[in-house]
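Coordinate analysis (summary)
Below are the chains, spelled out letter by letter.
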Amino acid sequence: MALRDRDDLVASVSHELRTPLTSVLGYLELTLDGGGLPPAAEAQLQVAHKNANRLLDLLADILAASNGAEQPMVLQPGPCALLDVVEQSIESLLPWASEREIRIDCAAAEATSLIADGSRLRQLIDNVISNAIKYNVDRGAVSIGLTSDEKMVWLIVRDTGIGIADEEQPRLFERFFRSESVRNSTVHGSGLGLGISREIARLHGGDLTVQSVEGEGTTVLVTLPKDRDRA
């Protein structure tokens, strides 16, 4: 009963958020289409517009998860420059990290290209990096590494955050799960991000795994084939 009530509440809130968010998108588009903006202002509004669109997609995923929908996520694969996706994600999250003086470092061996759904990978990467910021400590650090070989790509995101207790780690991908330390803090979250992110990785033929030490930090490893049809 409690889980059903929570699902109903999440679905109701998500549904209600769609209307004002759609309005925000409309006004952003009108402003951008009107022209005459200073270049810096236009660039900032473009970032806001892209993130508002992504938030609308995320609300759709939350609605589907809260309703227990069985319809699988559909990918739209195409050429994707993964480093570009990572850098765009960092750009959008940097102001949030800066507020808490959290440093984000990114090292890539090359500008890795693969056949994937770039929008879904952006959702995955945003979830992982935003978690690394959200559950970090003030003046902490997030380290992002990207490497590949002929067939596979590896994305590693490490943080210096609060970590996760050993006994709670098997439940990390459960729908709506939040650790005890997080529930007792002021950090908010839906408990859906990691599960959705792993689903995206697996639909691409890859995987997402988590290693964590309580009080020291968490490492997320994402593996992806460069081309699932040839992997």
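For the structure itself, consult the block above.
Residues numbered from 1 in each chain as written. Predicted model: local features only at pLDDT ≥ 70, side-chain atom pairs only at ≥ 80, totals over all residues. Heavy atoms only, no water.

**Structural notes on the sheet that holds strand β6 (residues 207-213)**
With mixed pairing, 5 strands are arranged side by side in an open sheet as β2-β4-β5-β7-β6. At either margin of the open sheet sits one strand with a lone partner, and together these are β2 (103-108) and β6. On average, each strand axis in the sheet is tilted by 10 degrees relative to the strand beside it, whichever way the strands run. Sheet topology note: the strand β5 (residues 152-159)/strand β7 (residues 217-225) ladder contains 7 bridges and is antiparallel. When the bridges of β7 are listed, M152 appears paired with P225. Relative to β2, helix α3 (residues 82-99) is tilted by about 170 degrees, and along the sheet it contacts β2, β4 (141-148), β5 and β7. Across the sheet, helix α6 (residues 193-203) touches β6 and β7, and the angle it forms with β6 is around 140 degrees. (Pairing = 2+ DSSP bridges. Helix = DSSP H or I, 4+ residues; strand = E, 2+ residues; numbered from the N terminus. Axes fitted to C-alpha atoms, helices over the stretch in contact; angles between N-to-C directions. Contact = heavy atoms within 4.5 Å.)

**Let's talk about α3**
Between its first and last C-alpha atoms α3 spans 26 Å; for 18 residues at 1.5 Å apiece the expected length is 26 Å, and the two agree. In the structure, α3 departs most strongly from a straight axis at L93, where the bend amounts to approximately 45 degrees and where the proline P95 lies between one and four residues downstream. Taken together, the buried positions of α3 are L82, L83, V85, V86, S89, I90, S92, L93 and A97. Looking one or two residues past α3, E101 carries a phi angle of roughly 55 degrees, positive in sign. (Expected span 1.5 Å × (residues − 1). Bend = angle between axes of the 7 residues up to and from the residue. Buried < 20%, exposed > 50% of the residue type's maximum accessible area, 1.4 Å probe, protein only.)

**Observations concerning the packing of helix α4 (residues 118-134) against α6**
For the pair α4 and α6, interaxial distance at closest approach is 9 Å and the crossing angle is 140 degrees. One way to sum up the angle between α4 and α6 is to call them oblique. Relative to α6, α4 is oriented so that their crossing is left-handed. Together, R120, L121, Q123, L124, N127 and N131 of α4 and G193, L194, I196, S197, I200 and A201 of α6 make up the contact between the two elements. (Parallel < 35°, antiparallel > 145°, perpendicular 65-115°, else oblique. Left-handed = near helix turned anticlockwise from the far one by under 90°.)

**Observations concerning the environment of G140**
Take G140: it is sitting in the loop between α4 and β4. Here the alpha-carbon distance between G140 and A97, two residues 43 residues apart in the chain, equals 9.3 Å. If we ignore the near neighbours within four places in the chain, the residues touching G140 are E101, I102, R103 and T160.

**Some details on the packing of aromatic side chains**
Under the criterion given, the structure shown has 0 aromatic pairs. Lying over the aromatic face of F173, R198 brings its terminal NZ or CZ to 4.0 Å of the ring centre. (Phe/Tyr/Trp six-rings, centres within 6.5 Å; stacked < 30°, edge-to-face > 60°. Lys NZ or Arg CZ within 6 Å of the ring centre and 35° of its normal.)

**Description of the packing of α3 against α4**
Where α3 contacts α4, the two axes come as close as 9 Å, and the packing angle between them is 40 degrees. On the basis of their axis angle, the class for α3 and α4 is oblique. In this structure, α3 crosses over α4, and the sense of that crossing is right-handed. In contact with L82, V85, V86, Q88, S89, I90, S92, L93, W96 and A97 of α3, α4 contributes G118, L121, R122, I125, D126, I129, S130, I133 and K134. Looking at side-chain class alone, the contact of α3 with α4 contains 11 nonpolar, 5 polar and 3 charged residues. (Nonpolar A, V, L, I, M, F, W, Y, C, P; charged D, E, K, R; others polar.)

**Some words on the pairing of β5**
Taking every second residue as pointing to the same face, the buried face of β5 carries V153, L155, V157 and D159, while none of M152, W154, I156 and R158 on the other face is buried. In this structure, β4 lies alongside β5, joined through 7 bridges in antiparallel fashion. What sits directly across from G145, in β5, is I156. The antiparallel pairing of β4 with β5 creates a hairpin that spans 3 residues between the two strands.

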